[in-house]
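Structural characterization, general
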Amino acid sequence: MATKSKSTRTTLNRTQQILLGTFLILLSVLLGVAFLSFFTTWHSDQSLLLEFSNRNAEAQNAAKKLGALVAYFFIYQLFGIASMIWVGFLFVTGLHYFVGSKANKLLSHWLWGSSAVVWFSLFFGFFFQKQPLLGGVVGYEINHFLQDYIGWIGVGLLLLFGLIVFLVVQLNFTPEYIAALFSSNKSKSTTSPSSSEEEAPSPSVSLNKESKTSPFEIDKKTLKPTISKHSSIESSSENKASKTNDASDLTMEIEVTEEETTPEDQLAKRLVKDYGEFDPTLELKNYKYPSIELLKDYSNGGGITINQEELEENKGKIVDTLRNYKIDIAKIKATIGPTVTLYEIVPEAGVRISKIKNLEDDIALSLSALGIRIIAPIPGKGTIGIEVPNKNSTIVSMRSVIASKKFADAEMELPLALGKTISNETFVVDLAKMPHLLMAGATGQGKSVGLNAVLTSLLYKKHPSEIKFVLVDPKKVELTLFNKIERHYLAKLPDTNEAIITDNKQVINTLNSLCIEMDNRYDMLKNAMCRNIKEYNNKFKNRKLNPNDGNAFLPYIVLIIDEFADLIMTAGKEVETPIARLAQLARAVGIHLIIATQRPSVNVITGLIKANFPARIAFRVTSKIDSRTILDSGGADQLIGRGDMLFTQGNELIRLQCAFVDTPEVEKVTDYIGSQRAYPTAHELPEYVGEESGTSLDNNISDRDVLFKEAAEVIVNAQQGSASLLQRKMKLGYNRAGRIIDQLEAAGIVGPFEGSKARQVLLKDALSLQAFFDNENNNS
């Protein structure tokens, strides 16, 4: 079973819509003919109903035996002549599908139509009891049943109530609306013809926001006329002439309100109506999410095994140890987790919490257990927690957390199934809200498995069009399995062979490239007047952004660095600076960072980095100092290893058992994805040209782009040397725009690369540029 982020609602393609629409239209015509014919032929066809299988018997109904049988069932046995309403709705439904229009409200129409069928059946059964074809058996029998209990007066009132419900809910036929129409007619009739001709404006209600005389307002959601709460229905010589006196004027007012939308919005609505919303998954529409069967089930069908003897023994030792120090316990209870059991104790009144906290080592000694952790007090509870490792731990499989309802139903942008809590609940968190994650732990404590769990979660939840990974693996062995999904999920620099980055020089270029991508995305969001990637993509899906203006659907980008300490040691500030920029700014444009290290010392995880990584995961570390470096508190040094971890998102610490996903499982998942149709290449990041390569550009006129001169004019006129400007003005791809910028630098038109800033334009106006080209032509 594959877990998908999208609804599994079945949608019809255009061919299927046409065929279904045609079938429903023809079926409605056949039923209409059969029903109408039934009113004149039902006497002669009565005997045929008992010998339907006799081919020699001939029916008089225009639709023959089947028509006679179906019409008898619906008109006589059910709802009478009201059944014709269903025929009409069947025709309208078929027409909807045939012309390809949106059918969002069809279900509502059918429900109201069916209610109307029942109402008319009761109506005809009440007033025309001697004509059973009008109300049918249902109308006749229900009328008799109701009259036995509430009488004919009750039935009449019940029918009246049904009519009022329809008028109020569907037609907005309220007392205020009737009063407004009456007032409008009255004021119109009392106005003399001469004064009307002289003073009255065009016959429509004013839509001026400053006008306070009109009692009408338009509900912009329902486009229905309502009565203003700030105006009374009074007659005056000024507003009498401006009021309307019939429903056509109200329709005119509604149409004017609809026209207040911008032309761009109207075009977008028309495009969505004709073609539907933009679907980013369309290029890989047949992509199948990995099956849950690819992951291994380590539980062998069982859950956590409760060892009652172990629980009682530990409870007794905790109580005895505390009693030795004259600390009495009022209450103690246990919550059993996969690897750790939480014992919650309520001390007697007058016991200081710090006294219990200081007995951590003594309790560990009495229990003969490693990894005792005391939480004093437990946040949100009036208890003190003592976490004790289980003698026999349970493996939390990746399969169990992926298959959990909590993960399947997670309404998150980037859901991560990290593992299970101490109460054995699946723990799912949204990377998009973190917005960046810092992981640390000593060698062999589960850090690499944690990264695999993060990647697996996203692979099971997101389509290749929705997310891209930038993988940095200095150790060259941890993330190599993900090479198989390069053209599905990975992003890389142009003209590089490997999508998984192992060379430190490439890491620096990639990080700076991500900074350029971030700046480009901010430009796109600014031009689209959106605050974040979610708003932007929704706007693009609704076809409100023109792709010809440089707009495109933006996938989330997740940068994962497996061994950050090695990069800091070899590259230092060249790595720290772009990572700090990304951590500070990239959240809104959908770029998120996950950094892992096995040495969480202060020279690796600097204050600048920590400040922008509120979400942190700590596996077991060797010292309290390392624990405080990663978590700003102790506790990570008391973990028991093998995936035992602490998670914080800036508030309380949560102890989790990380989901275990082994290398063969990752290999099966990546093989499954890699065997499917992919994009032609990996997702290309913007080209980054380092400072050292900017000074050695070859100013070869013959190698210049054909749009070089036009691009130079755009840059000089705008006095802004950036590739994104060329993209927007000349509708170029980023790589081509970047190459032209490099050629302009080599020619001396723009200055060198200055990080995220636009390059300086060295020529000040169009005359200087023309002189430059004339000089080049003379020299050549």
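Provided above is the structure to which this section pertains.
All values derive from a computational prediction rather than experimental measurement. (Residues numbered from 1 in each chain as written. Predicted model: local features only at pLDDT ≥ 70, side-chain atom pairs only at ≥ 80, totals over all residues. Heavy atoms only, no water.)

1. Section: a nonpolar patch on the surface
The test is simple: Surface patches are drawn from residues lacking salt bridges whose relative accessible area is over 30%; two like charges belong together within 9 Å, two nonpolar side chains (Val, Leu, Ile, Met, Phe, Trp, Tyr) within 5 Å. Only the protein chains shown count as cover for residues, and the accessible areas themselves come from Shrake-Rupley with a 1.4 Å probe. The salt bridge definition used is simple: a Lys or Arg side-chain nitrogen within 4 Å of an Asp or Glu carboxyl oxygen. Comment: elements are numbered from the N terminus, with helices defined as DSSP H or I runs of at least four residues and strands as E runs of at least two. For every residue, the accessible area (1.4 Å probe, protein chains only) is compared with the maximum for its type, and the residue is labelled buried under 20%, exposed over 50%, or partly exposed between those bounds.
Together, Ile18, Val29, Val33, Phe91, Val92, Leu95, Phe98 and Val99 make up an exposed nonpolar region whose accessible area comes to about 620 Å². Mapped onto the nonpolar patch, the elements with two or more residues apiece are α1 (14–45) and α3 (84–99). A per-element tally of the nonpolar patch places α3 first, with five residues. Take Val33: its relative accessible area is 36%, and that puts it in the partly exposed class.

2. Focus on the packing of helix α18 (residues 504–528) against helix α19 (residues 533–541)
For the record, the criterion: Axis geometry follows a simple rule: fit a line to the C-alpha atoms, using only the stretch in contact for helices, then measure angles between N-to-C directions, giving values from 0 to 180 degrees. Roughly parallel means an angle under 35 degrees; roughly antiparallel, over 145; roughly perpendicular, 65 to 115; everything else is oblique. In this scheme, a crossing is called left-handed if the near helix is turned counterclockwise away from the far one by less than a right angle; it is called right-handed if the turn is clockwise. By definition in these notes, contact holds between two residues if any of their heavy atoms fall within 4.5 Å. Gly is placed with the polar residues, together with every amino acid not listed as nonpolar (Ala, Val, Leu, Ile, Met, Phe, Trp, Tyr, Cys and Pro) or charged (Asp, Glu, Lys and Arg).
Two elements in contact, α18 and α19, have axes whose closest approach is 10 Å; the angle formed by their N-to-C orientations is 60°. In terms of their interaxial angle, α18 and α19 are classed as oblique. Note on packing geometry: the crossing formed by α18 with α19 is left-handed. Residues Arg521, Met524, Leu525 and Ala528 of α18 form the contact with α19, whose participating residues are Ile533, Tyr536 and Lys539. Counted by class, the contact of α18 with α19 contains five nonpolar, no polar and two charged residues.

3. A look at the pairing of strand β3 (residues 329–336)
Where we set the bar: Between any two strands, at least two bridges found by DSSP are needed for them to pair.
Bridge analysis of β3 against strand β4 (residues 340–347) gives seven bridges, and the strand direction is antiparallel. Residue Ile332 lies in a different strand from β4, and its bridge partner there is Ile345. Between β3 and β4, which pair antiparallel one after the other, the connecting turn spans three residues.

4. Some remarks on the pairing of strand β16 (residues 653–658)
Bridge count for strand β7 (residues 415–421) against β16 is three bridges, and the pairing is antiparallel. Paired with Lys420 across the bridge in β16 is Gln657. Here strand β15 (residues 644–648) runs beside β16; their pairing, made up of five bridges, is antiparallel. Note on β16: the bridge partner recorded for Asp644 is Gln657. Counting the residues in the hairpin turn of β15 and β16 gives four residues, including Gly650, whose phi is positive at 100°.

5. Details of the nonpolar core
The test is simple: The criterion is simple. A nonpolar core is a set of buried Ala, Val, Leu, Ile, Met, Phe, Trp, Tyr and Cys residues joined through side-chain atoms within 4.5 Å.
Formed by 112 residues in total, the largest nonpolar core has its most connected members in Leu418, Phe469 and Phe564. Broken down by element, this core gets its largest block of residues, nine residues, from α18. In contact with Phe564, not counting residues within four places along its chain, are Val575, Ile579, Ile595, Ala596, Thr597, Val604 and Ile609. Counting 27 residues, the second-largest nonpolar core is a separate cluster that includes Tyr688, Ala711, Tyr734 and Leu769.

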